[in-house]
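# Observations on chain architecture
These are the residues of each chain, in order.
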Amino acid sequence: MVPFTALIGGFVAMRLLGMVGVDMLDGWQPALRGALALMFVVTGVPHFLPSSRRDFVAMIPAAFPRPALLVTMTGMLELAGAAGLLLPPLAPYAAIGLALLMIAMFPANVSAARRGLTLAGKPVTPLPVRTALQLLFVAAAVAAAV
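Residues numbered from 1 in each chain as written. Predicted model: local features only at pLDDT ≥ 70, side-chain atom pairs only at ≥ 80, totals over all residues. Heavy atoms only, no water.

The next subject is helix α3 (residues 50-59). Listed as buried for α3 are Ser52, Asp55, Phe56 and Met59. For α3, the arc enclosing every buried residue in end-on projection is 100°, short of the 170-degree limit, so these residues lie on one face. Among the exposed residues of α3, those pointing more than 90 degrees away from its buried face are Pro50 and Arg54. In this structure, the buried side of α3 is in contact with α2 (28-44), α4 (67-85), α5 (91-115) and β1 (118-119). (Buried < 20%, exposed > 50% of the residue type's maximum accessible area, 1.4 Å probe, protein only. Helix = DSSP H or I, 4+ residues; strand = E, 2+ residues; numbered from the N terminus. Arc of directions from axis to C-beta. Contact = heavy atoms within 4.5 Å.)

What follows deals with the side chain of threonine 43. Within the secondary structure layout, threonine 43 lies in helix α2. In terms of polar contacts, threonine 43 uses its side chain to reach the side chain of glutamate 78, at 2.6 Å. Residues contacting threonine 43, with those up to four places away along its chain left out, are Pro3, Phe56 and Glu78. (Polar contact = N/O pair within 3.5 Å; in protein donor to acceptor, adjacent residues only side chain to side chain.)

This part takes up unusual backbone geometry. Of note, arginine 66 is a non-glycine position whose phi angle comes to about 50°, a positive value. Tracing the chain through its elements places arginine 66 in the loop between α3 and α4. The phi dihedral of alanine 120 is positive, around 60°, even though this residue is not glycine. Looking at the element boundaries, alanine 120 is found in the loop between β1 and β2 (122-123). For alanine 120, a relative accessible area of 59% puts it in the exposed group.

Counting 24 residues, the largest nonpolar core has Leu7, Leu36, Met39, Phe40, Leu85 and Met102 as the members making the most contacts within it. Mapped onto this core, the elements with two or more residues apiece are α1 (2-19), α2, α4, α5 and α6 (127-145). Beyond its immediate chain neighbours, meaning those up to four positions away, methionine 102 contacts Met39, Phe40, Gln134, Phe137, Val138 and Ala141. Of all hydrophobic cores here, the second largest spans eight residues; its members include Met59, Ala108, Ala112 and Leu117. (Core = buried A, V, L, I, M, F, W, Y, C linked by side-chain atoms within 4.5 Å.)

Below, the structure written as structure tokens:
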């Protein structure tokens with residue numbers, strides 16, 4: 001639920017900043033891009049923290065080779081995408097890339113939920129809730145792109 005909180009809370013905070021005069025956040029789309037960037041920093045950084053990294057590696061389905069490399073790559077792509085969202089000429093491409101990345105990573109979330117894994121010592125989000133969140137996150141990324 002931390003990514004959801006980062007997205008919604010970040011959007012509200014950035015929209016408010018736009019309304020009080022921060023020109024670069026004056027509009028729903030720049031605020032959404034900023035909120036998505038915050039969400040991807042929040043989700044990308046743990047890919048490189050030892051305790052979280054172990055949990056992420058365990059989430060990768062057995063059919064995928066080199067799970068540690070996949071965790072490194074997805075973490076790097078999340079952080080690069082977050083940076084791209086903050087650069088107006090790159091933002092639409094970053095948003096679409098992140099939407100595709102979330103779709104590509106969804107099997108790991110399904111696998112983790114079906115196997116009852118934990119993330120940071122807490123059970124992963126149940127699959128129905130995770131699916132709804134994933135749809136919201138992908139929709140937000142697509143909206144940030146157009």
